[in-house]
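Breakdown of the fold
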Amino acid sequence: MIRLETLTLQYGDIVVIENVNLHIGKGDFYTLLGESGSGKSTLLMAIAGFLKPTRGRVYIDGIDVTDHPPEQRDIGIVFQNYALFPNMSVFKNVVFGLNIRKYSKREIYDRTRQVLNTVDIWQHADKKPVALSGGQQQRVALARAMVLNPKILLMDEPLSNLDAKLRGDMRSELIRLQRQFGYTVVFVTHDQDEALSMSSCIALLNRGKIAQFGTPQDLYYTPATAYTCNFLGEAWVLPPSLKQKLRLPRDPFMAIRPECIRLNPPRNTNDYTVVATVSDIVFRGTNGLVYAHLDGGEIIHNTVFGHDAVSLKIGDKVTFGWDKNDLIIIATG
């Protein structure tokens with residue numbers, strides 16, 4: 001559905017996006033993930049047509065649209081700040097694009113009512129945006145993008161202004177709507193939890209380049225670079241002194257996910273074990289994060305669940321164990 005070929009965007013001597021190649025399939029929920037300044041929103045605006053690439057081409061559904069304006073790309077856009085017209089009702093906000101395209105009054109009413117019912121906001125059709133909650137405003141912005149029945153929905157950090165619980169609810173709602181209508185979605189976020197829980201594919205950007213792309217499982221369990229490993233999820237990087245003690249090679253980058261480390265495992269059930277002293281415990285409800293010092297002063301941390309999250313105390317001596325197959329090993333150089 002979307003193909004980017006050697007896309008480069010620069011302002012003077014500053015290169016924001018450099019030689020990006022991406023293939024986004026029809027019906028994908030494709031996430032552009034990265035920290036602030038990585039170029040993810042710039043890349044989205046290039047797909048939308050608001051920014052013209054310095055070099056490279058943009059194809060949508062097999063057509064070169066590099067020189068086409070946004071209104072000719074058959075896309076819907078949901079912005080981070082929703083970009084609603086404050087002086088217009090919900091209904092008028094949503095019909096705005098239909099009016100510009102000169103649909104009949106009957107079709108405008110029918111399509112708008114249908115989409116507002118779909119996002120459960122029809123009962124607020126006569127209200128102004130200021131009278132709505134953040135979640136309701138987000139639904140209006142989504143309805144305005146959906147009402148034109150686009151092939152593609154572009155979303156630029158649409159959940160970042162919502163509180164944690166509402167953000168979780170809207171994740172589920174966006175996935176439901178995407179599956180129901182078969183949209184191809186390109187979703188921009190800096191939130192790794194959003195990326196892992198919502199995406200069929202992720203492109204992780206770092207300084208305008210793609211560090212790695214693939215399924216959430218690919219990036220989490222088989223990261224290609226140390227940057228990917230450290231950015232996506234939590235990882236404990238084995239220090240050189242511990243690798244020497246455990247007779248592991250010193251050169252490769254080695255790390256392990258906290259949930260793969262077992263607390264006080266039965267004897268001889270793991271390939272590697274270390275003894276450490278608990279230095280901090282972070283309680284997080286259903287689980288906790290335990291930090292401990294090894295004999296050499298290095299810090300290890302792992303995720304613990306259930307009663308273990310509250311039964312440990314600072315100063316306790318504990319054993320951590322893990323299997324060799326759970327190690328993430330990335331060749332350096």
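Since this is a predicted model, take the numbers as computed values, not measurements.

Scanning the protein from N- to C-terminus turns up 10 helices and 18 strands. If one aligns the C-alpha atoms of the protein with their principal axes, the spans along those axes are about 75 × 45 × 30 Å. A sequence separation of at least 24 residues applies to 64% of the contacts in the protein between residues at least 6 apart. Counting every atom, the protein has about 16,500 Å² of accessible surface; 50% of that belongs to carbon and sulfur. Looking at the protein, you have 37 positive and 34 negative side-chain charges, and the mean spots of the two groups are 4 Å apart.

A few words now on the packing of aromatic side chains. According to the stated counting rule, one finds 11 aromatic pairs in the structure shown. On the basis of an interplanar angle of 50° and a centroid distance of 6.4 Å, the ring pair of phenylalanine 50 and phenylalanine 79 is categorised as tilted. Placement of the pair is phenylalanine 50 in the loop between α1 (40-48) and β4 (55-60) and phenylalanine 79 in the loop between β6 (75-78) and α2 (90-100), with a sequence separation of 29 residues. For phenylalanine 79, a relative accessible area of 27% corresponds to the partly exposed category. Between the aromatic rings of phenylalanine 91 and tyrosine 109, the centroid separation amounts to 6.2 Å while the plane-to-plane angle is 40°, which identifies the pairing as tilted. With phenylalanine 91 in helix α2 and tyrosine 109 in helix α3 (residues 105-118), this pair connects stretches of sequence that are 18 residues apart.

Counting across every chain of the model gives one cavity of 30 Å³ or more. Roughly 30 Å³ of internal volume is contained in the largest cavity. The set of elements that each furnish at least two residues to the lining of the largest cavity consists of α4 (134-146), β7 (152-156) and α5 (164-181). It is α5 that contributes the most residues to the lining of the largest cavity, three residues altogether. Of the residues assigned to the lining of the largest cavity, the class counts are seven nonpolar, one polar and no charged.

Turning next to the packing of α4 against α5. Close contact between α4 and α5 brings their axes to 11 Å; oriented N to C, the two are set at 20°. One finds that α4 runs roughly parallel with respect to α5. Note on packing geometry: the crossing formed by α4 with α5 is right-handed. Together, Gly135, Gln138, Arg139, Leu142 and Met146 of α4 and Leu166, Met170, Glu173, Leu174, Leu177 and Phe181 of α5 make up the contact between the two elements. Here the residues of the contact of α4 with α5 are counted per class, giving seven nonpolar, two polar and two charged.

What follows covers the pairing of strand β1 (residues 2-11). With five bridges joining them, β1 and β4 adopt antiparallel strand pairing. Residue pairing in the sheet places threonine 8 in a bridge with arginine 55 of β4. Pairing between β1 and strand β2 (residues 14-24): seven bridges, direction antiparallel. Paired with isoleucine 2 across the two strands is isoleucine 24, which belongs to β2. Here β1 folds back onto β2 in antiparallel fashion, the turn holding two residues, of which glycine 12 has a positive phi close to 65°.

Let us look at α2. Here α2 has its buried residues at Val90, Asn93, Val94, Val95, Gly97 and Leu98. On its buried face, α2 is in contact with α3 and α4. Where α2 terminates, the next one or two residues include lysine 102, which has phi positive at roughly 60°.

With that settled, consider the environment of phenylalanine 91. Residues phenylalanine 91 and histidine 190 lie 99 residues apart in sequence; the distance between their C-alpha atoms is 31 Å. Not counting residues up to four positions away in its chain, the partners in contact with phenylalanine 91 are Tyr109, Thr112, Leu116, Trp122 and Ala125.

The next point concerns the sheet that holds β1. Spatially, the four strands line up as an open sheet ordered β2-β1-β4-β5, and their pairing is antiparallel. Among the strands making up the open sheet, the edge pair consists of β2 and β5 (63-64). Bridge count between β4 and β5: two bridges; the pairing is antiparallel. Residue pairing in the sheet places isoleucine 60 in a bridge with isoleucine 63 of β5. Here α1 sits on the sheet and contacts β1, β2 and β4; the angle it forms with β1, its principal contact strand, is near 120°.

Moving on, we come to unusual backbone geometry. At aspartate 120, a residue that is not glycine, the phi angle is positive and equals roughly 60°. For aspartate 120, the location among the structural elements is in the loop between α3 and α4.

Closest axis-to-axis distance for the α2/α3 pair is 10 Å, and the angle between their directions is 125°. For the element pair α2 / α3, the angle class is oblique. For the pair α2 and α3, the crossing hand works out as right-handed. Contact with α2, carried on its side by Val90, Phe91, Val94, Val95, Leu98 and Asn99, involves Ile108, Tyr109, Arg111, Thr112, Val115 and Leu116 of α3 and no other residues of that element. Tallied by class, the residues present in the contact of α2 with α3 amount to nine nonpolar, two polar and one charged.

Criteria and cut-off values
Residues numbered from 1 in each chain as written. Predicted model: local features only at pLDDT ≥ 70, side-chain atom pairs only at ≥ 80, totals over all residues. Heavy atoms only, no water. Helix = DSSP H or I, 4+ residues; strand = E, 2+ residues; numbered from the N terminus. Contact = heavy atoms within 4.5 Å. Areas by Shrake-Rupley, 256 points an atom, 1.4 Å probe, with all protein chains shown as cover. Lys, Arg positive; Asp, Glu negative; His and termini not counted. Charge placed at Lys NZ, Arg CZ, Asp CG, Glu CD. Phe/Tyr/Trp six-rings, centres within 6.5 Å; stacked < 30°, edge-to-face > 60°. Buried < 20%, exposed > 50% of the residue type's maximum accessible area, 1.4 Å probe, protein only. 1 Å grid on protein atoms, 1.4 Å probe; cavity = no way out; pocket = protein on both sides within 12 Å on 5 of 7 lines; lining within 4 Å. Points joined across faces, edges and corners; volume = space filled by probe spheres on them. Nonpolar A, V, L, I, M, F, W, Y, C, P; charged D, E, K, R; others polar. Axes fitted to C-alpha atoms, helices over the stretch in contact; angles between N-to-C directions. Parallel < 35°, antiparallel > 145°, perpendicular 65-115°, else oblique. Left-handed = near helix turned anticlockwise from the far one by under 90°. Pairing = 2+ DSSP bridges.

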